[in-house]
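Listed below, chain by chain, are the residues.
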Amino acid sequence: MRPVTRHQADSYAARSAATRVQVTSTLERLLNSGTAFSDISVQRLLEEAGVSRATFYAHFQSKSDALVRLTDSLRESLLELAQLWDPAAGEGGADRLARFFEEVIKIHRAHQGVITAVGEAASYDSAVSDFYTANLENFEEIALRTVLSEQAAGSTTADLDAVSASRIIAWGGAQAIAHHIRVDDGSRDAVFARELALIWWYGAYRRPTEVRK
């Protein structure tokens, strides 16, 4: 058997990447059209994407795997955005946090169908649930590092429980944003972002030294 050349390997990798994009972009298009993830069969996805069943299963373990692959790039972009947030970076922290949330909401709205599908599938599919949980745990870890850093700098009170606060920030924020997008047409995004920012800013990042019991 002749060895596989570098050119052949590169060509195969390019075709595989194109197939993955073709399938995931088709899935996103169907989700953005308002079709529920549970109503999209593998057969329909194959027909819409124009790939064979064998080709599909050569690249994805299941329909849920395709959803996870699709969402992974979105997760990376949101993580990068979260890692850029620094409460100590200049003046007007609450206003900067509000602008940060406006950008987060903008990204969520642009991928609303996908995010809704992940929330839906996580309730009954263990693979998607594990992905969803790991995703929010990553945000929780970033929030925890930030809160601990603010405590170490003396910017927020030492009696703040950093573990609990970061959990509320990550999980509560995700649920609040998802619900807001479902019930709001976008006209109140800036208002919502500001309220969320003020709650986080004065509730955790700049909590007063003495909190009324």
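Here we summarise the structure given alongside this text. As the structure is a prediction and not an experimental result, all values here were calculated from the model.

### Looking at the overall build of the protein chain
Helices and strands together make up the secondary structure of the protein chain, namely nine helices and zero strands. Ordered by position from N to C terminus, the α and β elements of the protein chain give α-α-α-α-α-α-α-α-α. If one aligns the C-alpha atoms of the protein chain with their principal axes, the spans along those axes are about 75 × 45 × 30 Å. Restricting to contacts in the protein chain with at least 6 residues of sequence separation, those with at least 24 account for 68%. In the form shown here, the protein chain has an accessible surface area of approximately 12,200 Å², with 53% of it arising from carbon and sulfur atoms. Each charge class in the protein chain was averaged separately, 23 positive and 28 negative side chains, and the resulting centres sit 3 Å apart.

### Quick word on the packing of helix α5 (residues 93-110) against helix α9 (residues 189-205)
Orientation of α5 relative to α9, taken along the N-to-C sense of each, is 130 degrees, at an axis distance of 8 Å. Considered as vectors, α5 and α9 are oriented oblique to each other. Between α5 and α9 the crossing geometry is right-handed. Here Gly93, Ala94, Asp95, Leu97, Ala98, Phe101, Glu102, Ile105 and Arg109 of α5 come into contact with α9, specifically with Asp189, Ala190, Phe192, Ala193, Arg194, Leu196, Ala197, Leu198, Trp200, Trp201 and Tyr205. Here the residues of the contact of α5 with α9 sort into 14 nonpolar, one polar and five charged.

### Some details on helix α7 (residues 126-152)
When the terminal C-alpha atoms of α7 are compared, their 38 Å separation across 27 residues agrees well with the 39 Å that a helix rising 1.5 Å per residue should span. Along α7, the residues classified as buried are Val128, Phe131, Asn135, Leu136, Phe139, Glu140, Ile142, Ala143, Thr146, Val147, Glu150 and Gln151. Against α4 (63-84), α6 (112-121), α8 (162-183) and α9 lie the buried residues of α7. The distance from a side-chain oxygen at the start of α7 to the backbone nitrogen of Ala127 is 2.9 Å, and the residue carrying that oxygen is Asp125.

### With respect to the packing of α4 against α6
Direction vectors running N to C along α4 and α6 enclose 125 degrees, while the axes themselves pass 10 Å from each other. Compared by their axis directions, α4 and α6 come out oblique. Here α4 and α6 pass one another in a crossing that is left-handed. Here Leu67, Leu70, Thr71 and Leu74 of α4 lie close against α6, whose contacting residues are Val114, Ile115, Ala117, Val118 and Ala121.

### Regarding the packing of aromatic side chains
According to the stated counting rule, one finds six aromatic pairs in the structure shown. Ring centres of Phe101 and Trp200 lie 4.6 Å apart, and the angle between their planes is 80 degrees; this geometry places the pair in the edge-to-face category. You can see Phe101 sitting in helix α5 and its partner Trp200 sitting in helix α9, a full 99 residues away along the chain. Considered together, Phe101 and Trp200 belong to a single accessibility category, that of buried residues. One aromatic cluster is present, formed by Phe56, Tyr57 and Phe60 through successive ring pairs. A cation sits over an aromatic face here: Lys63 above Phe37, 4.3 Å from the ring centre.

### Side note on the pattern of salt bridges
Applying the stated criterion across every chain, the model contains eleven salt bridges. A salt bridge links Arg69 to Asp65, with the shortest nitrogen-to-oxygen separation between them at 3.6 Å. Pair noted here: Arg69 and Asp65 are both in helix α4, with a separation of four residues, about one helical turn. Several salt bridges share partner residues, and in doing so they unite Arg29, Arg44 and Glu48 into one network.

### What to know about the nonpolar core
Within the largest apolar cluster, 32 residues are counted, with the highest numbers of intra-cluster contacts made by Leu97, Phe100, Phe101, Ile169, Ile177, Trp200 and Tyr205. Breaking this core down by element, the ones donating at least two residues are α4, α5, α7, α8 and α9. For this core, the element with the highest residue contribution is α5, accounting for eight residues. With residues near it in sequence (within four places) discarded, Trp200 still touches Leu97, Phe101, Ile169, Gly173 and Tyr205.

The rules we used
- Residues numbered from 1 in each chain as written.
- Predicted model: local features only at pLDDT ≥ 70, side-chain atom pairs only at ≥ 80, totals over all residues.
- Heavy atoms only, no water.
- Helix = DSSP H or I, 4+ residues; strand = E, 2+ residues; numbered from the N terminus.
- Contact = heavy atoms within 4.5 Å.
- Areas by Shrake-Rupley, 256 points an atom, 1.4 Å probe, with all protein chains shown as cover.
- Lys, Arg positive; Asp, Glu negative; His and termini not counted.
- Charge placed at Lys NZ, Arg CZ, Asp CG, Glu CD.
- Axes fitted to C-alpha atoms, helices over the stretch in contact; angles between N-to-C directions.
- Parallel < 35°, antiparallel > 145°, perpendicular 65-115°, else oblique.
- Left-handed = near helix turned anticlockwise from the far one by under 90°.
- Nonpolar A, V, L, I, M, F, W, Y, C, P; charged D, E, K, R; others polar.
- Expected span 1.5 Å × (residues − 1).
- Buried < 20%, exposed > 50% of the residue type's maximum accessible area, 1.4 Å probe, protein only.
- Polar contact = N/O pair within 3.5 Å; in protein donor to acceptor, adjacent residues only side chain to side chain.
- Phe/Tyr/Trp six-rings, centres within 6.5 Å; stacked < 30°, edge-to-face > 60°.
- Lys NZ or Arg CZ within 6 Å of the ring centre and 35° of its normal.
- Salt bridge = Lys/Arg side-chain N within 4 Å of Asp/Glu carboxyl O.
- Core = buried A, V, L, I, M, F, W, Y, C linked by side-chain atoms within 4.5 Å.

These figures capture arrangement, not role.
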